[in-house]
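Listed here are the chains, written in short residue letters.
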Amino acid sequence: MKEKFYITTAIAYTSRKPHIGNSYEIVLTDAIARYKRLQGYDVFFLTGTDEHGQKIEEYAKAAGVTPKEYVDKVAGEIRGICDLLGTSYDKFIRTTDGYHERAVQKIFKKLYEQGDIYKGEYEGLYCTPCESFWTESQLVDGKCPDCGREVKPAKEEAYFLRLSKYQKQLEQFIEENENFIYPEARKKEMLNNFIKPGLQDLCVSRTSFKWGIPVDFDDKHVVYVWIDALSNYITALGYDPDGSGELYKKYWPADVHIIGKDIVRFHTIYWPIMLMALGEPLPKQVFGHPWLLFGEDKMSKSRGNVIYADGLVDLLGVDPVRYYLLSEMPYASDGSITYETIIERFNSDLANTLGNLVNRTIAMQNKYFDGIVQRYDCEEEVDGELKQFALDTVKRVEECFKTYRVADAIESVINLAKRSNKYIDETMPWALAKDESKRERLATVLYNLLEAIRFISVLISPFMPETAEKIFEQMNCDIKEYASLSEFGAMPVNTKVGAAVPLFQRIDAEKMLSEIAAKQEAEAAEEETKEEEIPEITIDDFFKSDLRVAEITDCEPVKKSNKLLKLQINDGSGKPRQIVSGIAKWYKPGDLIGKKAIIVTNLKPVKLCGEISQGMLLSGEKDGEVAVTFVDLPVGAKIC
């Protein structure tokens, strides 16, 4: 019987379409799941969506749809991205699924009836985006310590989970199970910053909104996010307090929860205590991965630095996107993504190293032997070095996966490709081909290269499954089993390789970056000029806009754009302000410097063609002609 391996992602919150940073987790988890299957494990891979809460209720209201309609749309987008990226999940759970909601109600009732949940009243400071209550002492600069947003005083009746009752038991479990929280830094953070100072009982129901799973014995309350969302890991397997199904008995406890570092607390404190209270085994491990940043910033729509997976796939293809996500993320620190680094990594690792190795090896096999694979006992010392490097690579990859050092694992495979390219330079097949007496030696060299490529293809299949299949197809080889990597030499002889087809075409970086900038510019211009139905607003809505007189102190064109100008603004506040405006067609920088105009000061900043815009210049448009509204008023004067 195969050994089981149950792996999960955190379920994605259905507030909006996920960006590429969110997509990293599903690709990371998929690579681990695929590798474990390759090793022969019976893998169950779970992902899904978290669909309840006050924030969803507010988003749906703003969109003019019901909460269920709203989450149906976003959950569809999330699942679509999972599928686009080639992830091999076994189940996609939604917390609006009926079986999940029924199980959560039973869990809540069981914990209440045994005294682990009790009714009380919560008074504190509430962060709606994080759906978290905080005390004054927990705030950072008066704001939510998790997201930095404003908090509001809140008071309501609520049910609470007795975290304090299980504090010592949890502390003992974490200290006795040294690999439960990974990496080590996350474990120390949980113990020293949260558990040992003392756990406060956790609010697990709400009455101030309705979009949630009803508490079936108290209809004023809905189950709060923690018991609802975290329970998905067991409800997806058919857990039921009254008697669980075979899937649960087979796969629980989870071998690893793959989650972002920002939600380690919920998975290593709230979730284990819930399971302790239910009398169920705890997961074997929680791995908190770092974030993928845009440059040095966390991705945010308000910062204008969001990259989406589908847009990247359109540019590069699925496997190059998977490769970049998996190779660029360090083990314990945040990774970075920019279009420049994506293109650089594509060209260096995929086109130059891997693609070039496969292409020229297949081409030489066709050129010198009509594609027929041959093997002779014509070995030299350099052959032994390549063989040992390949065998050692298998061991290195295996060691990396034991601690989920996936970037290190994929680097090891690329290093084998680099070593194989070096082997070509050392053996010089083109020179051997000129000497008929070296024909057996030439056949041996090419055989070793094909076998090294086969090793690479098997090992790279968890990271780039489509690419691995393309390589096997070109080699006309179907020996893809992990067990075949125990010895060097499984590539069958007397088979005929296919045609040499380039796997990756080098990217013209300057051209692609220019195209990306033009697309961003067009999207920004479209947003600026988009005609919409003008809604009626109240005077209060109007006064939400802060209109001020400002002087344009400097102005210059935005690089790689023929439509945008970058203006430096003095709005009387004493703080620097920059506005990017699509008016280059109608104004030259010299026409604007020293002029006073009206600006909107309280728009959320956005990034246009790499430049931050912190406001909007008031202008008028008719018949395709634009004119800025210049005024003769003091700088800083409020327009009302």
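Our subject is the structure listed above.
Here the structure is a predicted model, which is why all the values come from computation and not from measurement.

(A) Inspection of the sheet that holds strand E10 (residues 205-206) at higher detail. Strands sit in the order E10-E12-E11 across an open sheet of 3 strands; the sheet is antiparallel. Two strands lie at the open edges of the sheet, namely E10 and strand E11 (213-214), each paired on one side alone. Examined bridge by bridge, E11 and strand E12 (residues 222-223) share 2 bridges and lie antiparallel to one another. Each residue of the ladder has a partner; that of Pro 214, found in E12, is Val 222.

(B) Here's a closer look at the sheet that holds strand E9 (residues 202-203). Pairing is antiparallel across the open sheet formed by 4 strands, whose spatial order is E6-E5-E7-E9. Since the sheet does not close on itself, it has two edges, and those belong to strand E6 (132-134) and E9, each with one partner.

(C) Structural context of the nonpolar core. Of all hydrophobic cores here, the largest spans 107 residues; its most connected members are Ile 7, Ile 20, Ile 32, Leu 312 and Phe 463. Top contributing element to this core by residue count: helix H17 (residues 439-460), with 14 residues. Judged by nonpolar contacts, the second largest core, of 64 residues, contains Leu 111, Ala 154, Val 223 and Val 286.

(D) Representation of the environment of Asn 448 within the structure. By the secondary structure assignment, Asn 448 is in helix H17. The residues touching Asn 448, leaving out its near neighbours within four places in the chain, are Glu 379, Asp 383, Leu 386, Lys 387, Tyr 423 and Phe 488.

(E) Molecular detail of helix H3 (residues 67-84). With 18 residues, H3 ought to run about 26 Å at 1.5 Å a step, and its terminal C-alpha atoms sit 26 Å apart, in line with that. Every buried residue of H3 is accounted for by Tyr 70, Val 71, Val 74, Ala 75, Ile 78, Ile 81 and Cys 82. Seen from one end, H3 has its buried residues packed into an arc of 120°, which puts them on one side. At its buried positions, H3 is contacted by strand E2 (12-13), helix H1 (20-39), strand E3 (42-50), helix H2 (54-63), strand E4 (91-94) and helix H11 (309-316). Two residues or fewer past H3, Gly 86 is found with a positive phi of approximately 70°.

(F) Structural detail: the pattern of salt bridges. In this structure the tally under the stated criterion is 38 salt bridges. Glu 51 serves as the salt-bridge partner of Arg 94, at 2.6 Å between the closest nitrogen and oxygen. Placement of the pair is Arg 94 in strand E4 and Glu 51 in the loop between E3 and H2, with a sequence separation of 43 residues. Judged by its relative accessible area of 18%, Arg 94 falls in the buried class. Within the structure, one salt-bridge network assembled from shared partners comprises Glu 51, Lys 68, Asp 72 and Arg 94.

(G) Structural detail: the packing of H2 against H3. In the contact formed by H2 and H3, the axes pass within 8 Å of each other and the chain directions differ by 95°. Put simply, H2 runs roughly perpendicular to H3. Between H2 and H3, the residues in contact are Ile 56, Tyr 59, Ala 60 and Ala 63 and Pro 67, Tyr 70 and Val 71, respectively. Of the residues belonging to the contact of H2 with H3, the class tally is 7 nonpolar, no polar and no charged.

(H) Molecular detail of the pairing of strand E20 (residues 596-600). With 4 of 5 residues buried, E20 lies mostly within the body of the structure. Bridging between strand E17 (residues 547-557) and E20 involves 5 bridges; their strand directions are antiparallel. Each residue of the ladder has a partner; that of Val 549, found in E20, is Ile 598. Looking at chain direction, E20 and strand E23 (residues 616-617) are connected through 2 bridges and run antiparallel.

(I) Summary view of the side chain of Asp 218. Counting through the fold element by element, Asp 218 comes out in the loop between E11 and E12. Look at Asp 218 and you get buried, because its relative accessible area is 10%. Once residues within four sequence positions are removed from consideration, Asp 218 is found in contact with Lys 119, Glu 157 and Tyr 159.

(J) Main features of the packing of aromatic side chains. Here the structure, examined in full by the defined rule, presents 29 aromatic pairs. Taken together, a centroid distance of 4.0 Å and an interplanar angle of 5° make the contact between Tyr 35 and Phe 401 stacked. Here the residue Tyr 35 occupies a position in helix H1, and Phe 401 occupies one in helix H14 (residues 381-402), the gap between them amounting to 366 residues. Phe 401 carries the same exposure label as Tyr 35, and that label is buried. Seen from their ring centres, Phe 173 and Phe 180 are 5.0 Å apart, and the 85° between their planes marks the pair as edge-to-face. An aromatic cluster is built from Tyr 6, Phe 44, Tyr 233, Tyr 239, Tyr 248, Tyr 251, Trp 252 and Trp 271, whose rings are joined through pairwise contacts. Stacked on the ring of Trp 291, the Lys or Arg Lys 261 has its end atom at 4.6 Å from the ring centre.

(K) Layout of the packing of helix H12 (residues 318-328) against helix H13 (residues 339-369). Packing of H12 against H13 brings their axes to within 10 Å, and their N-to-C directions diverge by 100°. When the axes of H12 and H13 are compared, the pair comes out roughly perpendicular. For the pair H12 and H13, the contacting residues are Pro 320, Tyr 323, Tyr 324, Ser 327 and Glu 328 in the first and Thr 341, Ile 342, Arg 345, Phe 346, Asp 349 and Leu 350 in the second. Considered class by class, the residues forming the contact of H12 with H13 number 6 nonpolar, 2 polar and 3 charged.

Scoring rules and cut-offs
Residue indices follow the written sequence of each chain, beginning from 1 at its first position. The model is predicted, so local features are restricted to residues of pLDDT at least 70 and side-chain atom pairs to those at 80 or more, both for listing and for counting; the totals for chains, interfaces and linings are taken over all residues. Only heavy atoms go into the side-chain values, all of them from the structure, while hydrogens and water stay out. Two strands are said to pair when DSSP picks up at least two bridges between them. Starting at the N terminus, helices and strands are each numbered in turn, a helix being any DSSP run of H or I of at least four residues and a strand any DSSP run of E of at least two. What we call a nonpolar core is a set of buried Ala, Val, Leu, Ile, Met, Phe, Trp, Tyr and Cys residues that are connected through their side-chain atoms within 4.5 Å. Burial classification: accessible surface area is computed with a 1.4 Å probe over protein chains only, and a residue below 20% of its type maximum counts as buried, one above 50% as exposed, and the rest as partly exposed. Residue contacts are defined here by distance: any two heavy atoms, one from each residue, within 4.5 Å place the two residues in contact. Expected helix span is computed as 1.5 Å times (number of residues minus one). Of all possible arcs, the one meant is that of the directions from the helix axis to the C-beta atoms. A side-chain nitrogen of Lys or Arg and a carboxyl oxygen of Asp or Glu constitute a salt bridge if their distance falls within 4 Å. Only C-alpha atoms enter the line fits that serve as axes; for helices the fit covers just the stretch in contact. Angles between N-to-C directions range over 0 to 180 degrees. Roughly parallel refers to an angle under 35 degrees, roughly antiparallel to one over 145, roughly perpendicular to one between 65 and 115, and oblique to any angle outside these ranges. Here the term charged refers only to Asp, Glu, Lys and Arg, the term nonpolar to Ala, Val, Leu, Ile, Met, Phe, Trp, Tyr, Cys and Pro, and the term polar to all other amino acids, Gly among them. Aromatic contacts are taken between Phe, Tyr and Trp rings whose centres are within 6.5 Å, Trp giving its six-membered ring; a plane angle under 30 degrees counts as stacked, one over 60 as edge-to-face, and the others as tilted. In this analysis the charged atom, NZ for Lys or CZ for Arg, is taken to sit over a ring once it is within 6 Å of the ring centre and within 35 degrees of the ring normal.

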